[in-house]
Amino acid sequence: MRRIAIALITALALPLALTTPANAGGLDDLFAKLLVKQVKGPNAKKHLDALQAIANANGGTRAAGTPGYNASRDYVAGKLRKAGYKVTLQPINFVESWTENSPPTLNLTAPNSKTYVPNEDFFSFEPSPAGDVTAQVQAVDLTLPPTPTPTSTSGCEASDFAGFVAGRIALIQRGTCAFALKIRNAGRAGASGIIVFNEGQPGRTDAFPLDIGEWRAGVPMVFADFAVGNELAATAGATVRLKVDSTLVLGTNDNVIAESRFGDPRNVVMVGAHLDSVPAGPGINDNGSGSASILEVAEEMALYPVKNKVRFGFWAGEEIGLLGSDQYVASLSETQRDRIRVYLNFDMVASPNYAYKLYDGDNSDNEGSPAGPPGSDRIEKQLEAFYGSRSLPTVGTDFDGRSDYGPFIDVGIPAGGIFTGAEGIKTAEEAALFGGTAGVAYDACYHQACDTIANINDTALDVDLDAIADSVARFAFDLRSIPPRTAPAAAVPLAAKTAA
Ligand SMILES: [Zn+2]
């Protein structure tokens, strides 16, 4: 019944596409209103029931590397195929296990020799690949002596490595961006080994063991104390032997990528949600809610004669470092990246004590991270307009890269999305705006076993589903508010989930 109705509307609307400019009252508006009518909270709830059943059958979790993840993948891919999408499974890697077999080595070998004490002066980063390399050390944008408060951006920008000689060992200072980002940049610059040393302020001088969740530079890497780094930086022509003796076992999970039949492949509207949970629970709000919502939107708009290609991404391994989205973006060529005109992210959209939070793409809140790439402001405005049309309030949430939009904005793709809150505490002002309980977490079951189907707020799910439908349909027919991609905007350092 539903399908037939869409097919009819599709047939009628198609000739219009050639003549009607997309604007208010245009195709974007027409199809946005239609899609909002079509998507139904109870349909998304059925997907959530299915994800709950999958968790129940698989030890209570759908986390990376578990059968519960693969069952979630199969469920989503099956629904998308049935709806008529071209579905691809993209394998991505994650760390299954890491064992250190013997203490690491860091010796100065020229111009003089010195042996640093392992597991005191320096530690292997977990999960460093094994490796044994002797090479000259090259300092990367160090701030020495250190400033009174942390300011070093050593290794945070690709440009820090402009003069870096491939094959050398990168000497990097701890600072304001994530360790993982420094490591990745060093890997791309061709470092044969990586030493990151503590920044040097009081309380930031020692070395200690640290899991940074990053291994893809493929070279041995250690975290050294400030004294080691300072000494190596001051030694002209310093050459060191760096050795890590470890066993790193990688596992594989799949991203699920689905693409619309219709639409211009040179202009892609990408819509994403992470499909994995944490090991502790079934992850029905985080992020069954986002996954179920975009799946319902995908199903309902499958036959729309969209102007722009619509691509849905269900990400693997978000909870262990945005691995699925990050490896997806890394796999794209420059041209393929440029074709993604907007990226819409939905991670937790039905929190029990919800607030309607929109990623602060224009940094109008002037809080935390800067504005997103140009166009991010337009995405925020468009979502805002939807809630406004229902006389519903919204608030901003810092664009901090804490979900899968991070890797997209890092390469200059404008992004936006909805978030109903996680472990943060609802303020009195927010309780006045949205109802619910002030002084209590938006999601008291965040990352816990109790993030079950009972942890879903049906009102928030329903409203956010409509907002997602509205925004996806509008961009699917009209991207004129989004500036054309030129050079990637200055990379916004990924705050990530790893400690800086
Ligand atoms: Zn999440």
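Residues numbered from 1 in each chain as written. Predicted model: local features only at pLDDT ≥ 70, side-chain atom pairs only at ≥ 80, totals over all residues. Heavy atoms only, no water.

## Quick notes on the overall build of the chain
Item 1. Along its length, the chain carries 13 helices and 15 strands.
Item 2. Computed over C-alpha atoms, the radius of gyration of the chain comes to 24 Å, within 12% of the 23 Å expected from 2.2 N^0.38 for 500 residues, which places it in the range of a compact globule.
Item 3. Principal-axis analysis of the C-alpha atoms places the extent of the chain at approximately 80 × 45 × 45 Å.
Item 4. The buried share among the 500 residues of the chain stands at 57%.
Item 5. For the chain, the share of sequence-separated contacts (at least 6 apart) that also reach a separation of at least 24 residues comes to 80%.
Item 6. Only carbon and sulfur atoms are counted for the fraction: they give 55% of the accessible area of the chain, which is about 18900 Å². (Helix = DSSP H or I, 4+ residues; strand = E, 2+ residues; numbered from the N terminus. Rg over C-alpha atoms; globule rule 2.2 N^0.38 Å. Buried < 20%, exposed > 50% of the residue type's maximum accessible area, 1.4 Å probe, protein only. Contact = heavy atoms within 4.5 Å. Areas by Shrake-Rupley, 256 points an atom, 1.4 Å probe, with all protein chains shown as cover.)

## Description of the state of the cysteines
Item 1. This model, assessed by the stated rule, comprises 2 disulfides.
Item 2. Here Cys-445 pairs with Cys-450 through a disulfide, and the sulfurs are 2.1 Å apart. Here the disulfide of Cys-445 and Cys-450 is left-handed, its torsion about the S-S bond being about -115 degrees.
Item 3. The exposure class of Cys-445 is buried, given its relative accessible area of 13%.
Item 4. Judged by relative accessible area, Cys-450 falls into the partly exposed class, the value being 32%.
Item 5. Taken N- to C-terminal, the disulfide-bonded cysteines of the chain are connected 1-2, 3-4. (Disulfide = S-S within 2.5 Å.)

## A short note on the coordination of the zinc ion
Item 1. Donor atoms from the polypeptide that bind the zinc ion are His-274 (NE2), Asp-286 (OD), Asp-347 (OD) and Asp-347 (OD), placed at 2.0 to 2.7 Å.
Item 2. Angles of 53 to 150 degrees at the metal separate the 4 donor atoms of the zinc ion, which places the site in the irregular class.
Item 3. Of note, the donors binding the zinc ion are all from one chain and are spaced H-x11-D-x60-D. Of this pair, His-274 sits in strand E10 (residues 264-274) while Asp-286 sits in helix H7 (residues 284-300), placing them 12 residues apart in sequence.
Item 4. Look at Asp-286 and you get buried, because its relative accessible area is 3%. (Donors = N, O, S within 2.8 Å, 3.2 Å for Na, K, Ca; no water. Tetrahedral: all angles 85-135°; square planar, octahedral: opposite > 155°, others 65-115°.)

## Regarding the pattern of salt bridges
Any two side chains of opposite charge can pair, given that their charged atoms come close.
Item 1. Within the structure shown, the criterion is met by 20 salt bridges.
Item 2. Of the charged contacts, one joins Asp-132 and Arg-241 as a salt bridge, the two residues approaching to 2.7 Å between their closest N and O atoms. Here Asp-132 is found in strand E4 (residues 131-139), whereas its partner Arg-241 is found in strand E9 (residues 239-259), with 109 residues between them in sequence.
Item 3. Asp-132 sits in the partly exposed class, given a relative accessible area of 46%.
Item 4. Taking the relative accessible area as the measure of exposure, Arg-241 reaches 29% and is therefore partly exposed.
Item 5. Taking the shortest distance from any N to any O, the salt bridge between Asp-470 and Arg-474 comes out at 3.1 Å. In this pair, Asp-470 and Arg-474 are both assigned in helix H13 (residues 458-477), 4 residues apart and thus about one turn of the helix distant.
Item 6. A relative accessible area of 6% places Asp-470 in the buried class.
Item 7. Residues joined by salt bridges that share partners form a network here, namely Asp-29, Lys-33, Asp-470 and Arg-474. (Salt bridge = Lys/Arg side-chain N within 4 Å of Asp/Glu carboxyl O.)

## Observations concerning helix H4 (residues 67-83)
Item 1. With 17 residues, H4 extends 24 Å from end C-alpha to end C-alpha; this agrees with the ideal 24 Å at 1.5 Å per step.
Item 2. Along H4, the positions that sit buried rather than exposed are Gly-68, Tyr-69, Ser-72, Arg-73, Val-76, Ala-77, Leu-80 and Ala-83. Projection of H4 onto a plane perpendicular to its axis shows the buried side chains occupying an angular sector of 165 degrees, all on one side. Facing away from the buried side of H4 by more than 90 degrees, the exposed set consists of Pro-67 and Lys-82.
Item 3. Of the residues one or two after H4, Gly-84 is the one with positive phi, at around 105 degrees. (Expected span 1.5 Å × (residues − 1). Arc of directions from axis to C-beta.)

## Some words on the pairing of strand E12 (residues 340-346)
Item 1. The buried fraction of E12 amounts to 7 of the 7 residues, a majority that puts the element mostly inside the structure.
Item 2. As paired strands, E10 and E12 are joined by 5 bridges and run parallel to one another. Opposite Gly-272, over in E12, you have Asn-345 as the bridge partner.
Item 3. Bridge analysis of E12 against strand E15 (residues 415-419) gives 4 bridges, and the strand direction is parallel. Looking at the pairing, Asn-345 lines up with Gly-417 of E15. (Pairing = 2+ DSSP bridges.)

## A closer look at the environment of Arg-216
Item 1. When you line up the elements, Arg-216 lands in the loop between strand E7 (210-211) and strand E8 (221-224).
Item 2. Those residues within four positions of Arg-216 in sequence are excluded, and the remaining contacts are Arg-184, Leu-323, Asp-326 and Gln-327.
Item 3. Looking at Arg-216, its side chain comes within polar contact range of the side chain of Glu-214, at 2.8 Å. (Polar contact = N/O pair within 3.5 Å; in protein donor to acceptor, adjacent residues only side chain to side chain.)

## A closer look at the nonpolar core
Item 1. Counting 72 residues, the largest nonpolar core has Leu-80, Tyr-85, Val-297, Met-301 and Phe-312 as the members making the most contacts within it.
Item 2. Per-element tally for this core: the top contributor is H13, with 12 residues.
Item 3. Setting aside its immediate chain neighbours within four residues, Val-297 contacts Leu-35, Val-39, Phe-312, Leu-465, Ile-468, Ala-469 and Val-472.
Item 4. Counting 21 residues, the second-largest nonpolar core is a separate cluster that includes Tyr-328, Leu-332, Tyr-359 and Phe-399. (Core = buried A, V, L, I, M, F, W, Y, C linked by side-chain atoms within 4.5 Å.)

Honestly, that's just the spatial picture; any functional story needs more than this.
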